[in-house]
Amino acid sequence: MTNSMNRQIGIPCVMMRGGTSRGPFFLASDLPALPAERDALLLSVMGAGNDLGIDGIGGGNPLTSKVAIVGPATRAGADVDYLFAQVRVQEGVVDTSPNCGNMLAAVGPFAIESGLVPAANGVTVVRIHNVNTGKLIEARIQTPGGQVAYEGEAVIDGVPGTAAPIHLAFLDAAGANTGRLLPTGSPVDLIDGIPVSCVDAAIPVMLVRAADLGKTGYEPVDSFRSDREFMARLEALRVEAGRRMGFPNAAGMVIPKPVLLAPPTRGGTLTVRYFMPHDCHRAMAITGAVATATACTIPETVAAALVGRFTMPGDITFEHPAGRLTVRLDAGRLEAGDGRSAPTASILRTARRLFEGTVFARPSTPSRTAMAA
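### Some thoughts on helix 6 (residues 286–295)
Point 1. Burial runs high along helix 6: 10 of the 10 residues are buried.
Point 2. Among all positions in helix 6, only Ile286, Thr287, Gly288, Ala289, Val290, Ala291, Thr292, Ala293, Thr294 and Ala295 are buried.

### Thoughts on the layout of surface pockets
Point 1. Estimates place the volume of the largest pocket at around 530 Å³.
Point 2. Surrounding the largest pocket, 19 residues form its lining, Asn61, Pro62, Gln90, Glu91 and Asp279 being those nearest its centre.
Point 3. Considering each element in turn, the lining of the largest pocket owes the most residues, three residues, to strand 4 (residues 80–88).
Point 4. The class makeup of the residues in the lining of the largest pocket is eight nonpolar, six polar and five charged.

### Considering the confidence of the model for the protein
Point 1. When pLDDT is averaged along the protein, the result is 92, and 94% of the positions lie at 70 or above.
Point 2. This model gives residues 366–373 a pLDDT under 50, and the stretch forms 27 contacts once residues within four places in sequence are excluded.

### So, the pairing of strand 13 (residues 270–274)
Point 1. The buried count for strand 13 comes to five of five residues, which makes it a mostly enclosed element.
Point 2. Here strand 13 shows a buried face lined by Leu270, Val272 and Tyr274 and a second buried face lined by Thr271 and Arg273.
Point 3. Where strand 12 (residues 257–262) lies against strand 13, four bridges are found, and the strand directions are antiparallel. Among the inter-strand pairings, Val259 is bridged to a residue of strand 13, identified as Tyr274.
Point 4. Relative to strand 14 (residues 314–320), strand 13 runs parallel, the two being bridged by two bridges. Its bridge partner being in strand 14, Thr271 is matched across the sheet by Glu319.

### Here we look at the state of the cysteines
Point 1. Tallying each qualifying case throughout the model produces zero disulfides.
Point 2. In this structure Cys100 is a free cysteine whose sulfur lies 16 Å from that of Cys280, the closest cysteine sulfur available.
Point 3. Among the cysteines around Cys296, which has no disulfide bond, Cys198 carries the closest sulfur, lying 16 Å off.
Point 4. Take Cys296: its relative accessible area is 3%, and that puts it in the buried class.

### Thoughts on empty space enclosed by the protein
Point 1. Within this structure, the stated rule accounts for two cavities of 30 Å³ or more.
Point 2. Volume-wise, the largest cavity comes out at about 100 Å³.
Point 3. For the lining of the largest cavity, the residue count by class is eight nonpolar, four polar and two charged.
Point 4. Of the voids in this model, the second largest cavity is the one considered here, and its volume is about 30 Å³.
Point 5. Forming the walls of the second largest cavity are Asn99, Thr133, Lys135, Ile137, Phe170, Ala173, Ala176 and Ala202.
Point 6. In the lining of the second largest cavity, the residues fall into five nonpolar, two polar and one charged.

How each quantity is defined
- For every chain, the first residue of the written sequence is number 1, and numbering continues from 1 along that sequence.
- Where totals are concerned, whole chains, interfaces and linings use all residues; where local detail is concerned, this predicted model gives features only for residues with pLDDT of at least 70, and gives and counts side-chain atom pairs only at 80 or more.
- Calculation of side-chain values draws on the structure's entire complement of heavy atoms; hydrogens and water are dropped beforehand.
- The rule is simple: take the accessible area with a 1.4 Å probe, protein chains only, and divide by the maximum for that residue type; under 20% is buried, over 50% is exposed, in between is partly exposed.
- Runs of E in the DSSP output that reach at least two residues are strands. Runs of H or I that reach at least four are helices, and both are numbered from the N terminus.
- Only protein atoms enter the 1 Å grid used here. Points where a 1.4 Å probe fits but cannot escape make up a cavity, open sets with protein on both sides within 12 Å along at least five of seven lines make up a pocket, and a residue lines them when an atom lies within 4 Å of a point.
- Grid points are joined across faces, edges and corners, and a volume is the space filled by probe spheres set on the points.
- Throughout, the ten residues Ala, Val, Leu, Ile, Met, Phe, Trp, Tyr, Cys and Pro are labelled nonpolar, Asp, Glu, Lys and Arg are labelled charged, and all others, Gly among them, are labelled polar.
- Note on scores: pLDDT gives the predictor's confidence for each residue, bounded by 0 and 100.
- Contacts: residue pairs with any heavy atoms within 4.5 Å of one another.
- For two strands to pair, DSSP has to find at least two bridges joining them.
- Disulfide assignment relies on a single distance test, namely cysteine sulfur atoms paired within 2.5 Å.

See the structure below:
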């Protein structure tokens, strides 16, 4: 829809919180099919060209500069397709290389209320095909009386109040972007003398002990950004890890994600500081939690060395800057990529529908696409 008075482009939109993230949700049919045209609209909608997204609806933070695009399933066994886009407003880049597990929490409710999936009376199971990675995730949504319930008693750290529980099960997370659980073929690699573990489960991550980089792992989020020497070193490690994982242009991508690990201090399994990748997450990404928890089950990784012996089924609890996050791990299947057994990871999340209406994009916006789906 184009407003004839000012030629802005109107697009139906629903703003939703998914887990500890927030962003606009679109039906795929309401956006251009060509990735370059689609991304140009998203850059305008989110306010590209300013770190606060001041000329759009972006929230001035990577956690609130996310977009979900949902449509009919194109894969057998799925109910809907979900394409995630991380909009880097300052650089003017739309990156569709990773999945986002927090935004994923709102995909089921959005799909039901958009008429893509019929609601059952009680609980509706929505099988989501993540287009970014080709993987399946099962979401269990509370739908008493055939209506999505948002109010409930579930609590997740990083979000105030309570809400209806949404259970996410990552059915085949291994090799999300590389096709292999251990993309380098080894549980530990030495990069510039630092032991790191490169793991791909739901999202590619580079795991490193905080102490090996001169950190405790308990630092407040904002302290990392001001430590330019540390951030430069972490980025150099990340880019080299990405190269070894099969991403020769990792410097221009948001994967792999760096994760600092430290022993727990509050009864959990591990303390984590997760980077997105150039800023520290104020909580913990769901896909990053799946990858890090999976690493705890792989002998000799830096995560497994800190955790010690772990037997499935069982829980891995991460202590993050906003509280705790628990991942349930059940024995999975052998992955074709490298013959390693990868667990099924399940996580409790919540979501909320915030507003709906029409968002307006400028008729033309310069676009640079990091990776088209």
